[in-house]
Amino acid sequence: MNGEIMYQLRDVLEQAQSKGIGVGHFNVSDWLLLKAVSASAQELKVPVIVGASEGEREFMGVGQIAALVKSLREEHDFPIFLNADHTHSLNSAIAAAKAGFDSIVFDLSALPFEENIRRTKQALETLKSINPAILVEGEIGDIGTGSEIHESAPDRSKSLTTPEEAKEYVERTGVDILAPAVGNMHGMLQAMVQGDVRKRLDLARIREIKDATECLLTLHGGSGTDNGDLQKAITAGINIIHINTELRVAWRHGLEDALAQNPHEVVPYKLLPAAEESVKQVVLERLRLFNQAQRQPRTTPAQADGEKIAQEYRV
Ligand SMILES: [Zn+2]
């Protein structure tokens, strides 16, 4: 521990909110992606959240990814956090909490509202008993599944989160963070990969949900979203923005280019840096956007720890 600063995710999020900026959340499924995310945040001196869904955790190992992020945090002494993204079972959430994850997205959004509330509240109590500082995020509304390239986008306008249900959900579950459906969706359409089409957000709804709940808010499925909308979403009350598919696309393109340019190379550490660099360019661009303070930040009481982080990491 050598006198390192112990960063708490809640402090970082509240501090970022008071400055009118967002915290980037990037999913990783291997060390290459994690290196790219970590290096980008250190280069810009901004805090960052690394996410691993149940599938990504199964591939990397729950304990292994926790050890890697802990190692980066201690060696470089910077605010990098680990989130257990889209966790559908209590056992899987408990495993992540015990491994040292900073937050858990407990996603029962596919269940009926009452059952979602009851089981999320139970999970929250169990997870806080393992680690009182852990942040639990709950989800309502439909934002689709699968951070990949989709053929078409179904009409989800009827399953957007309303301010009334958001308020009831937050009050009855006690979640630390809420993930609403506000025009966002997981994955990207091919036209979004090419840049022809961008996702648009329901900014008025974000503001209404924020005013009704005063809760920390996460925007899932941020890949392919209009840049201006993302900035306005932060001003309206979004605190964390998830980017996954854009990184996966960059990873594949970087890898394909490296293989094409070096048809006979078999040394991984000579091929993989190209993919890492490709991912890094996306993370850097997104982090620069999220960390550009807007004119009218929401105000919350600043915390002493947060102030220190603010000075060092521009939050
Ligand atoms: Zn998500």
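Residues numbered from 1 in each chain as written. Predicted model: local features only at pLDDT ≥ 70, side-chain atom pairs only at ≥ 80, totals over all residues. Heavy atoms only, no water.

Trainee: How would you sum up the side chain of Asp176? Please name residues and give values.
Mentor: Tracing the chain through its elements places Asp176 in the loop between α7 (163-173) and β7 (177-179). For Asp176, a relative accessible area of 9% translates into the label buried. At a separation of 2.5 Å, a polar atom in the side chain of Asp176 contacts the side chain of Arg10. From its side chain, Asp176 meets the backbone nitrogen of Val136 in a polar contact 2.8 Å long. (Helix = DSSP H or I, 4+ residues; strand = E, 2+ residues; numbered from the N terminus. Buried < 20%, exposed > 50% of the residue type's maximum accessible area, 1.4 Å probe, protein only. Polar contact = N/O pair within 3.5 Å; in protein donor to acceptor, adjacent residues only side chain to side chain.)

Trainee: If you had to explain the coordination of the zinc ion to someone new, which residues and values would you point to?
Mentor: Tetrahedral coordination by four donors sets the ideal angle at the metal to 109.5 degrees; octahedral coordination by six donors sets it to 90 or 180 degrees. Listed as protein donors to the zinc ion are His86 (NE2), His186 (NE2) and His220 (ND1); their distances from the metal cover 2.0 to 2.1 Å. Mapped onto the polypeptide sequence, the residues donating to the zinc ion form the spacing pattern H-x99-H-x33-H. Of the two residues, His86 is situated in strand β3 (residues 80-87) and His186 in the loop between β7 and β8 (188-189); the sequence distance between them amounts to 100 residues. (Donors = N, O, S within 2.8 Å, 3.2 Å for Na, K, Ca; no water.)

Trainee: Can you explain the pairing of strand β1 (residues 23-27)? Please cite residues and give values.
Mentor: Counting buried residues along β1, 5 of its 5 residues qualify, which places the element largely inside the surrounding structure. The alternating pattern of β1 places Val23, His25 and Asn27 on one face and Gly24 and Phe26 on the opposite face, and all of these are buried. The sheet contact formed by β1 and strand β10 (residues 238-243) spans 4 bridges and is parallel. Each bridged residue has a counterpart across the sheet, and for Gly24 the counterpart in β10 is Ile241. The pairing of β1 with strand β2 (residues 48-52) spans 4 bridges and is classified as parallel. Across the sheet, Asn27 pairs through a bridge with Gly51, a residue of β2. You can see the chain leave β1, run along helix α2 (residues 31-44) and come back into β2, and the turn it takes is right-handed. (Pairing = 2+ DSSP bridges. Right-handed = clockwise from strand over helix to strand, strands pointing away.)

Trainee: Report on the nonpolar core, specifying residues and quantitative values.
Mentor: Burial of nonpolar side chains together is a common tendency in soluble globular proteins. If you look at the biggest cluster of nonpolar residues, it comprises 66 residues, and the most contacted ones within it are Phe26, Leu178 and Leu247. Excluding residues within four positions of it along the chain, Leu247 makes contact with Phe26, Asn27, Leu33, Val37, Val279, Val282 and Val283. Ranked by size, the runner-up nonpolar core spans 13 residues in total, among them Leu9, Val12, Ile21 and Ile49. (Core = buried A, V, L, I, M, F, W, Y, C linked by side-chain atoms within 4.5 Å. Contact = heavy atoms within 4.5 Å.)

Trainee: Which residues make up unusual backbone geometry, and what values go with them?
Mentor: Phi is positive for Lys45, which is not a glycine, with a value near 55 degrees. With respect to the helices and strands, Lys45 occurs in the loop between α2 and β2. We classify Lys45 as partly exposed; its relative accessible area is 47%. The phi torsion at Asp77 lies on the positive side, around 50 degrees, for a residue other than glycine. Mapping Asp77 onto the fold places it in the loop between α4 (62-76) and β3.

Keep in mind these values describe shape, not function.
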